[in-house]
Amino acid sequence: MCVELGGSPGVCWRLSGRGARMESMAVPDVLSALDPEQREVAAALTGPVCVIAGAGTGKTRAITHRIAHGVLSGAFDPRRVLAVTFTTRAAGEMRGRLRTLGVEGVQARTFHSAALRQARYFWPQVTGSDLPEIAQSKLSLVGAAANRCRVGTDRATLRDLASEIEWAKVSNVLAERYPEAAEAALREVAGIDAPTVARVYAAYEDLKSDRAVIDMEDILLAAVGLLDANPGVADAVRAQYHHFVVDEYQDVSPLQQRLLDLWVGDRDEICVVGDPAQTIYSFAGARPDYLLDFTQRFPAATTVRLFRDYRSTPQVVNVANAVLRPSSRTSKGVVLEAQRPSGPEAVFIEHPDEVAEAEWVAGEIRRLIAAGVPAREIAVLFRVNAQSENYEQALSDAGIAYVVRGAERFFERAEVRQAAMLLRGALRAGDTAADSPDAAAATAAVLSAAGWSAKPPAGGGAARERWESLAAVVSLAEDLVAARPDATLADVVAELEARAAAQHAPVADGVTLASLHAAKGLEWDAVFVIGVHEGTLPLNYAETPEQIEEERRLLYVGVTRAREHLAVTWSLSRQPGGRGSRKPSRFLDGVRPGRSARAGGRTTRSAASRTRSPARCRTCGTALVDATARKLGRCGDCPSAVDEELFERLRAWRLERAQEQKVPAYVVFTDATLTALAEAKPADEAALRAVPGVGQSKLERYGADVLRLCSEASGDSSDDADTKVVKK
C-alpha cells in the first residue's frame with residue numbers, strides 16, 4: 001500500500017512488515033532512464049542493500065541514481081551521505097554524475113581520502129599534536145629497514161618487501177605474527193624467508209616512529225584507532241554520516257572493512273556494490289568474502305543482481321560467460337545478458353611463436369585503424385609487463401603509435417637499462433664472458449649479476465617482473481644467435497641499442513598496451529588478450545585452487561574490456577624456430593571453437609598450421625629472426641648498400657611530415673624502413689610496396705613523396721615521378 005505521510009510533495013511511502021519505504025513520484029526523470037534492476041537499486045532507499053553487478057551492467061549509474069533519488073525525494077540529506085570508492089578517478093566520476101543529476105554536497109571519496117580527512121581533524125583533539133607527516137618515499141624507508149637487517153636492497157626486492165608490508169598492515173597482521181600469517185596465506189617474497197621479512201617489517205615501523213612519519217596504511221590505522229578508542233570521535237562521525245555507499249566492494253581489505261564497520265556502527269544504512277568475478281587483487285589483501293557473505297551479516301538485506309550488459313556485443317558476452325562457467329564463484333555472481341546488437345565473432349588464434357603473434361596483432365590493429373577504429377579505442381592486454389616488448393617492437397615497426405599504461409616501456413625499465421649497462425661494461429672491461437663463442441650464454445652469464453637465473457623466482461611481485469624482463473633480454477640474445485650463429489656479445493649490445501633507439505616516446509592518442517590488472521575499470525572498442533597459454537595465464541606459480549581461480553578472473557576481466565572486437569591469442573614457443581611445446585590455457589577449454597562448447601567464437605585457422613617460411617638475408621641467406629633484420633632484409637653485419645645521402649633526405653622529409661601531423665617520427669616510417677628504402681631505392685609502386693614497413697595506407701599517404709626522393713637520388717627528376725602511385 002502506498003500512502004502520503006507528508007514531507008516532500010508527491011512523495012509516497014510504501015508500508016511493509018519492515019516499516020516504511022520511500023517511493024518517489026516527484027522525480028520520475030531520475031528513475032525513468034533505468035532498467036528494471038537498476039531501478040530496483042535506486043528505489044531501495046532504506047536498510048542494507050547488496051548489489052551484485054556484472055561487468056558493463058551500469059553499476060555506477062545505478063548507485064548514483066540511488067543517491068540522487070534519495071536526495072531529491074528528501075530521504076537523504078546530501079551532507080550526510082558518504083560514497084566510498086577505490087580510486088580518485090572513480091570518486092570524481094561519481095561526483096560529476098551526481099552534479100549532472102542536480103545533486104550537490106554528497107561526499108564521494110576514496111577510503112584513504114575519507115580516513116585522512118577524519119584523522120587530520122580528530123588527531124589534534126585527542127593527542128594534542130598534529131597528525132604526523134606522510135612519508136614521501138616508502139621505498140627509501142624500506143631500504144633503510146632492509147639495511148638494518150642486512151637484506152639486499154635492489155629495487156625489485158624493495159618493491160616486494162614494500163608490497164608485503166602493505167599486505168600485512170591491511171590484513172591487520174603485526175610484524176611478530178607475520179611468519180605464521182604468511183604461511184597460512186601462502187605468501188612468498190623471492191629469496192627472503194618469512195622471519196626475515198618480519199624483521200624488516202618491524203625495523204620499518206621503528207624507523208617511521210623515529211622519523212615521526214606515517215605511510216598510507218597508517219592513515220587507515222589512525223582513523224580506526226581514533227574511532228575505536230574514543231567513543232566521542234565515533235559518535236561525531238556517525239552523526240555526520242547517516243548513509244553509506246561502497247563501490248567495488250569485492251576489493252575491500254580487512255582494515256578497510258574494520259573502518260567501514262566503525263563508521264556504520266550499529267546501523268544498517270549501507271549499500272554495497274561489487275562483482276565477485278572481478279576479484280583480482282587478493283595479493284594486495286582484497287577479500288571478496290565481505291561481498292559474498294553480506295547477506296549473512298545482514299539477513300534482511302535487499303539483494304539486486306545487475307546482469308544486463310550494455311558494454312559488449314553478444315559475441316563478447318558469450319565468451320565472458322564461458323570463461324567463468326567452470327568457476328564455483330559464479331553461483332553467487334551473475335550470468336551476463338548482452339543488450340547491444342550483434343557484432344563480429346570473437347577470434348581465437350594460435351601462433352608458432354611470440355614474434356609471429358605480435359606481428360599478427362600489429363597487422364590486425366592496422367586493419368582496424370584503416371577501417372575507422374580510433375587507435376585510442378584499441379588495447380593489447382597481457383599477464384606480465386615483460387610481454388609488452390614484442391608488441392612495442394611490432395607496433396613501432398608498423399608505424400602505429402602506442403601508450404604503455406601502468407608500467408614503464410620495456411627499454412625504459414630499470415632492470416633492462418641495467419642489463420644494457422652490464423653488457424656494455426663487460427665488453428669494455430674485457431670480461432671473459434664477452435669472449436664466449438656463444439653470445440646467448442655470454443648474455444646470461446653477464447646478467448646473472450643482475451639477478452638472472454635459468455629458474456624463475458618463487459612467487460610473484462616485482463622480483464618476478466624483473467626476472468621476466470631479464471628473461472626477455474636473454475631471449476633476444478638467443479633469437480640473435482639462432483639467426484646468426486657467429487653473433488657476439490657486441491652484436492647483442494648493438495641490437496639492444498638499436499631497438500631502444502627505434503622506440504620513441506609514446507603519444508597520448510595511441511594503442512594501449514596494458515597488463516590485465518592495469519586494464520581493470522577501462523574499456524575499448526577492440527581488445528587483444530595475448531599470451532593466453534599455460535605458464536603465463538595461469539602463471540606457473542599459481543598453484544592452489546584459489547590462485548588458479550584468480551588467474552581465471554583475470555582473463556574474464558580482460559575479455560569484458562572489449563565492446564565489439566575481441567581476439568584471444570597464444571603462441572606455441574617463445575622464439576621463432578623454437579620447440580612448440582606450449583599449450584593453450586586451460587581457461588579456454590569449452591570457450592574456443594572446436595571444444596566442448598561454442599562460446600561465441602568462430603573457428604579460425606591456426607597460424608601454426610600454416611607454413612611460415614622464415615625470411616632470409618638477401619646477402620648471405622641466413623634466416624632472419626628479429627624484426628629489424630626482417631625489415632632490412634639482411635643481417636645486421638652483412639654489407640649494406642644504403643645510399644647515405646638518400647637516407648638523410650628521407651629522415652629530413654620524415655621529420656617534416658611528423659611535425660605536420662603532430663606524431664612521433666616512427667609513426668611515419670621507422671629508421672629500419674628508411675634504411676631499407678635507401679638501400680632498395682624503389683622506382684615504382686610495385687618496388688615500393690615490396691619494402692617491409694610500407695603497407696597500403698602508407699603507400700597512399702607517403703608513396704609519391706618517397707618515389708620522388710628516390711627518383712631524385714637516382715638522377716631521374718622527371719615530372720611524372722610522383723605520379724607512379726595509384727590510390728586503390
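Residues numbered from 1 in each chain as written. Predicted model: local features only at pLDDT ≥ 70, side-chain atom pairs only at ≥ 80, totals over all residues. Heavy atoms only, no water.

### Here we look at the overall build of the protein
Turning to step 1, where the next piece is worked out: Regarding its fold elements, the protein presents 28 helices and 20 strands.
Turning to step 2, where the next piece is worked out: Here the protein, with 728 residues, has 55% of them falling under the buried criterion.
Turning to step 3, where the next piece is worked out: Pairs at least 24 residues apart make up 75% of the contacts formed inside the protein by residues separated by at least 6 positions.
Turning to step 4, where the next piece is worked out: Roughly 30700 Å² of accessible area belongs to the protein as shown, and the carbon and sulfur atoms make up 50% of that amount. (Helix = DSSP H or I, 4+ residues; strand = E, 2+ residues; numbered from the N terminus. Buried < 20%, exposed > 50% of the residue type's maximum accessible area, 1.4 Å probe, protein only. Contact = heavy atoms within 4.5 Å. Areas by Shrake-Rupley, 256 points an atom, 1.4 Å probe, with all protein chains shown as cover.)

### Section: the packing of helix 24 (residues 644-661) against helix 26 (residues 671-680)
Turning to step 1, where the next piece is worked out: Two elements in contact, helix 24 and helix 26, have axes whose closest approach is 9 Å; the angle formed by their N-to-C orientations is 135 degrees. By the criterion of interaxial angle, the relationship of helix 24 to helix 26 is oblique. In the packing of helix 24 onto helix 26, the handedness of the crossing is right-handed. Contacts from Leu 646, Phe 647, Leu 650, Arg 651 and Arg 654 in helix 24 reach Asp 671, Leu 674, Thr 675, Leu 677 and Ala 678 in helix 26.
Turning to step 2, where the next piece is worked out: Among the residues making up the contact of helix 24 with helix 26, the classes are represented as six nonpolar, one polar and three charged. (Axes fitted to C-alpha atoms, helices over the stretch in contact; angles between N-to-C directions. Parallel < 35°, antiparallel > 145°, perpendicular 65-115°, else oblique. Left-handed = near helix turned anticlockwise from the far one by under 90°. Nonpolar A, V, L, I, M, F, W, Y, C, P; charged D, E, K, R; others polar.)

### A word on the sheet that holds strand 5 (residues 81-85)
Turning to step 1, where the next piece is worked out: Here we have six strands laid out as an open sheet, ordered 6-5-9-10-4-11, and parallel in their pairing. Across the chains shown, the open sheet's two edge strands, defined by having one partner strand only, are strand 6 (107-110) and strand 11 (302-306). Mean inter-strand twist for the sheet, computed between neighbouring axes without regard to direction, equals 15 degrees.
Turning to step 2, where the next piece is worked out: One ladder, built from five bridges, connects strand 4 (residues 49-53) with strand 11; its direction is parallel. Residue pairing in the sheet places Val 49 in a bridge with Thr 302 of strand 11.
Turning to step 3, where the next piece is worked out: Contacts between helix 2 (residues 36-43) and the sheet are confined to strand 4 and strand 11, with strand 11 contributing the most and set at about 150 degrees to the helix. (Pairing = 2+ DSSP bridges.)

### A closer look at helix 7 (residues 155-170)
Turning to step 1, where the next piece is worked out: Here helix 7 spans 23 Å end to end across 16 residues, near enough to the 22 Å set by a 1.5 Å rise per residue.
Turning to step 2, where the next piece is worked out: When you tally the buried positions in helix 7, you get 12 out of 16 residues, the bulk of the element.
Turning to step 3, where the next piece is worked out: If you check which residues of helix 7 are buried, you get Ala 156, Thr 157, Leu 158, Asp 160, Leu 161, Ala 162, Glu 164, Ile 165, Trp 167, Ala 168, Lys 169 and Val 170.
Turning to step 4, where the next piece is worked out: One or two positions beyond helix 7, positive phi appears at Asn 172, with a value near 60 degrees. (Expected span 1.5 Å × (residues − 1).)

### A closer look at the UniProt feature "binding site: ATP" (unreviewed entry) in the protein
Turning to step 1, where the next piece is worked out: Listed under "binding site: ATP" (unreviewed entry) in the UniProt record, and renumbered for this structure, are Ala 53, Gly 54, Ala 55, Gly 56, Thr 57, Gly 58, Lys 59 and Thr 60.
Turning to step 2, where the next piece is worked out: Inspection of the secondary structure assignment puts Ala 55 in the loop between strand 4 and helix 3 (59-72).
Turning to step 3, where the next piece is worked out: With residues near it in sequence (within four places) discarded, Ala 55 still touches Asp 275, Gln 278, Asp 309, Arg 311, Leu 336, Tyr 556, Thr 560 and Arg 561.
Turning to step 4, where the next piece is worked out: Following the sequence through the fold, Thr 60 ends up in helix 3.
Turning to step 5, where the next piece is worked out: Excluding its chain neighbours within four sequence positions, the residues that come into contact with Thr 60 are Glu 93, Arg 97 and Asp 247. (UniProt positions renumbered as here; feature names shortened; annotations may be inferred.)

### A look at helix 16 (residues 354-370)
Count 3.6 residues to each turn of an α-helix, and residues three or four apart come out pointing the same way.
Turning to step 1, where the next piece is worked out: Its 17 residues place the ends of helix 16 24 Å apart at the C-alpha level, agreeing with the 24 Å of an ideal helix rising 1.5 Å per residue.
Turning to step 2, where the next piece is worked out: Those residues of helix 16 that fall on the buried side of the exposure criterion are Glu 354, Val 355, Ala 356, Glu 357, Ala 358, Trp 360, Val 361, Ala 362, Ile 365 and Leu 368.
Turning to step 3, where the next piece is worked out: One side-chain oxygen of the residue at the start of helix 16 lies 3.1 Å from the amide nitrogen of Val 355, identifying that residue as Asp 353.
Turning to step 4, where the next piece is worked out: Note on helix 16: the residue one or two positions beyond its end, Gly 372, has a positive phi of about 110 degrees. (Polar contact = N/O pair within 3.5 Å; in protein donor to acceptor, adjacent residues only side chain to side chain.)

### Details of the pairing of strand 4
Turning to step 1, where the next piece is worked out: Where burial is concerned, most of strand 4 is hidden: five out of the five residues are buried.
Turning to step 2, where the next piece is worked out: Of the two faces of strand 4, the one carrying Val 49, Val 51 and Ala 53 and the one carrying Cys 50 and Ile 52 are both buried.
Turning to step 3, where the next piece is worked out: In terms of strand pairing, strand 4 meets strand 10 (residues 270-274) through four bridges, oriented parallel. Looking at the pairing, Cys 50 lines up with Val 272 of strand 10.

### Structural notes on the pattern of salt bridges
Turning to step 1, where the next piece is worked out: Under the defined criterion, the tally for this structure stands at 37 salt bridges.
Turning to step 2, where the next piece is worked out: Between Lys 138 and Glu 166 there is a salt bridge whose closest N-O contact spans 2.9 Å. Of this pair, Lys 138 sits in helix 6 (residues 138-148) while Glu 166 sits in helix 7, and the two are 28 residues apart along the sequence.
Turning to step 3, where the next piece is worked out: Residue classification places Lys 138 among the buried positions, given a relative accessible area of 19%.
Turning to step 4, where the next piece is worked out: A salt bridge links Arg 657 to Asp 705, with the shortest nitrogen-to-oxygen separation between them at 2.7 Å. Highlighted residues: Arg 657 in helix 24 and Asp 705 in helix 28 (residues 696-713), separated in sequence by 48 residues.
Turning to step 5, where the next piece is worked out: The exposure class assigned to Arg 657 is buried, which follows from its relative accessible area of 16%. (Salt bridge = Lys/Arg side-chain N within 4 Å of Asp/Glu carboxyl O.)

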